[in-house]
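Summary of the model geometry
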Protein chains: 2
Amino acid sequence: MKIILRRKKEVYCCDMRGMLSFLILFLLSKKEMSGKELSDEIGERKGARPSPGTIYPALKVLNLQGLIKEKKEGKEIFYSLSAEGERSLEVAKERFCKVFMDVL
Amino acid sequence: MKIILRRKKEVYCCDMRGMLSFLILFLLSKKEMSGKELSDEIGERKGARPSPGTIYPALKVLNLQGLIKEKKEGKEIFYSLSAEGERSLEVAKERFCKVFMDVL
DNA sequence: TTAAATATATCGGTTGCCCAATATTTATAT
DNA sequence: ATATAAATATTGGGCAACCGATATATTTAA
């Protein structure tokens, strides 16, 4: 997989990449969820469930960046925002709204 | 640059990629614009102007896909949506709203 | 006419998102 | 115990978005 963690200068949604991570942070801010639940929720919104090869690496990176926390329960892992993840999300939401304000 | 045009099964914003193209289509639906104007408008929303190496290849691809039209005036090229671009944008907007409904 | 400025275009390299396929771990049923 | 199922994880390959640098074309200024 080869994840090289570089210090993130900014937060998610500072460019048009990072939208999946932004969405994940947003969904976790409403309710802690397992990878499966997240992928179901995203699948419902988009119309197609992201494959495991999409969702789990994304979660791994967010965890390595310290934006989410993990809590293992049986065969599932429940994710929630860290304090830094919450701060990051707030900034990202502002940016997102500024960019897509009048689209909705 | 090497652009290989594959038939697009869907429209923009069917996954988390294609957000720049989606934004471009959206902005052009409100007003025809040159590459420079587009890049300024996006820069204002995002806080940073996309580099020429980002915006012009994107416009080229959209043109090759038949989603936008070009009109040359002096040293500028003005872009506007084609009929297919308008249809594509409508579908993309619906998807976008479904995915990001409660973020705004 | 030549020079400077502006808009557009391309190149090389990096990151993030995507899938299909496969593997691993854990829980449950037989 | 063994098989099955479910959640998580990894691999490999491709596309989209990004930048900095450089190049080309056109307009405007000197």
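Just so you know, these numbers come straight off a predicted model, no measurement behind them.

**Comments concerning helix 3 (residues 52–64) of chain B**
Residues and elements named next belong to chain B. For helix 3, spanning 13 residues, the distance from its first C-alpha to its last is 18 Å, which sits close to the expected 18 Å at 1.5 Å a residue. Among all positions in helix 3, only Ile55, Ala58, Leu59 and Leu62 are buried. Buried residues of helix 3 fall within an arc of 100° about the axis and therefore sit on the same side. Away from its buried face, by an angle of more than 90 degrees, helix 3 presents the exposed residues Pro52 and Gly53. On its buried side, helix 3 packs onto helix 1 (19–30), helix 2 (35–46), strand 2 (68–73) and strand 3 (76–81). The first or second residue beyond helix 3 is Gly66, which carries a positive phi of 80°.

**Concerning the interface of chain B and chain A**
Contact with chain B, which involves 22 residues of that partner, is made by 22 residues of chain A. The partner of B:Asp102 in a salt bridge is A:Lys30, with the nearest N and O atoms 2.5 Å apart. Elements with a contribution of two residues or more to the side of chain B that touches chain A: helix 1, helix 2 and helix 4 (83–100) of chain B. When the residues that make up the side of chain B that touches chain A are grouped by side-chain class, the tally is 14 nonpolar, no polar and 8 charged.

**Focus: the relation of the copies chain B and chain A**
The two copies are related by a screw operation: chain B maps onto chain A through 180° of rotation and 0.0 Å of translation along the axis, at an RMSD of 0.0 Å. Given the turn and translation reported, the copies of this chain are related as if by a two-fold rotation axis. The C-alpha atom lying nearest the rotation axis in chain B is that of B:Arg17; the distance is 3.6 Å. Here 100% of the interface residues in chain B have copies in chain A that are interface residues too; the copies meet face to matching face.

About the criteria used
- Residues numbered from 1 in each chain as written.
- Chains lettered and ligands numbered in written order.
- Predicted model: local features only at pLDDT ≥ 70, side-chain atom pairs only at ≥ 80, totals over all residues.
- Heavy atoms only, no water.
- Helix = DSSP H or I, 4+ residues; strand = E, 2+ residues; numbered from the N terminus.
- Expected span 1.5 Å × (residues − 1).
- Buried < 20%, exposed > 50% of the residue type's maximum accessible area, 1.4 Å probe, protein only.
- Arc of directions from axis to C-beta.
- Contact = heavy atoms within 4.5 Å.
- Salt bridge = Lys/Arg side-chain N within 4 Å of Asp/Glu carboxyl O.
- Nonpolar A, V, L, I, M, F, W, Y, C, P; charged D, E, K, R; others polar.
- Least-squares fit on C-alpha atoms with pLDDT ≥ 70 in both.

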